[in-house]
Structures are given as C-alpha cells and as structure tokens.
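# Coordinates in review
Here are the chains, one letter per residue:
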Amino acid sequence: MPSPDLSALDVGDRLPELRLPPIDRRTLALFAEAGEAKAIGEATVHYLRHPQAAARIHEMLPGARIIVSLRDPVDRSYSAFQMNQRNHAANEGRAFVEAIRSDPVLQDTYHEHLGRYFALFPRERIAVILLEDLETRPGPTLAGLFGFLGVDPGFAPDLGKL
C-alpha cells in the first residue's frame, strides 16, 4: 500500500479543522506501479474520524470497498490518553479516570464515524473487523477480507509483520 503520508485524502493530525487536499500528480503516482492489479488501496487511521473523509472518498470513488478495523473502545481511549501523556499534548498530570470525563477524544465512540460511511456506501461495500480478531486469528480474518475485496482468499501473506 502507498504511504498514508502522501495520500489523496490524508487528513493529518489536526481534526476536524484541517482541509482535505486535492488529488495531484504526486498522489496518482503512488498507484502507477499497480498495473492491472485487481485491488489497490491505502490506509490511514484518520479517515474514520475526519468529518469530511467519507464524503470525499465517496465523491472520488463511489464504488470503493471500505475496510474499517476497530479496537476495543476502552483500550483505544487509554492508548490515546497514554500517547497524549507521552507527547504532552493533553491531559498532562491527570489520571485517566479524570481525563475521560472531560476529554471528548477519549469519549469518542465509533457510532458517529461509521454512520457517515454507512450513509454513503452500501452495506456490502463496507467490512468492519476487530483488531483483536486480526491479532488472534489473522489467517481467517485476512481470508475474509480478501474475499470481500474479490481477490484470492487463499493467498497466504507473510504474517510475521503483524
């Protein structure tokens, strides 16, 4: 997959005030080597949360297949809290239980974000998986995703990088 740092829809870390950039030759060049590949794509953690990303994807690629990987919401919130603590970005010096009461990022749920995609794309174009399934059952989880993408579900990728 191309680097998400150069993606057409890259929304960066400043949500939601960041404008989504236009597609340019640099972005299209990321896919130039794909040739006749049956499926190509890109990934970033920002597409789910950004309020304009689903509409932008739909506008540019209405037939896209969307894959969403979700973490346990409490694990996700605590991980964000720890990252913010390390980066001195927010909630410095506060306990998690205190921070979660006032920080909207830590209170974030998947419902609103997924709703934007389900409002625009048919259900059969969206696959939702759990990170825990990818970690504990990578083979069957990936085979399901390969089938969803219409590529060989028997393909056995190198799972040593997961």
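Here the structure is shown first, and the text comes after it.
These notes cover the structure that comes with them. (Residues numbered from 1 in each chain as written. Predicted model: local features only at pLDDT ≥ 70, side-chain atom pairs only at ≥ 80, totals over all residues. Heavy atoms only, no water.)

Now for helix α9 (residues 138–149). Its 12 residues place the ends of α9 16 Å apart at the C-alpha level, agreeing with the 16 Å of an ideal helix rising 1.5 Å per residue. Among the residues of α9, those classed as buried are Pro 138, Thr 141, Leu 142, Leu 145, Phe 146 and Phe 148. Within α9, the buried residues cover an arc of 160 degrees as seen down the axis, which keeps them to one side. Along its buried surface, α9 packs onto β1 (66–70), β2 (126–130) and α8 (131–136). A positive backbone phi angle near 80 degrees is found at Gly 150, which sits one or two residues after α9. (Helix = DSSP H or I, 4+ residues; strand = E, 2+ residues; numbered from the N terminus. Expected span 1.5 Å × (residues − 1). Buried < 20%, exposed > 50% of the residue type's maximum accessible area, 1.4 Å probe, protein only. Arc of directions from axis to C-beta. Contact = heavy atoms within 4.5 Å.)

Let us now look at unusual backbone geometry. Its identity as a non-glycine residue notwithstanding, Asn 91 has a phi of 60 degrees, on the positive side. By the secondary structure assignment, Asn 91 is in the loop between α4 (73–87) and α5 (96–102). For Asn 91, a relative accessible area of 9% puts it in the buried group.

Once that is clear, we can look at helix α3 (residues 53–60). Buried residues of α3: Ala 53, Ala 54, Arg 56 and Ile 57, and no others. Seen from one end, α3 has its buried residues packed into an arc of 165 degrees, which puts them on one side. Buried-residue contacts for α3 involve α2 (46–49), β1 and α7 (110–120).

The next thing to look at is the packing of aromatic side chains. What the rule picks out here adds up to five aromatic pairs. One aromatic cluster is present, formed by Tyr 78, Phe 81 and Phe 96 through successive ring pairs. (Phe/Tyr/Trp six-rings, centres within 6.5 Å; stacked < 30°, edge-to-face > 60°.)

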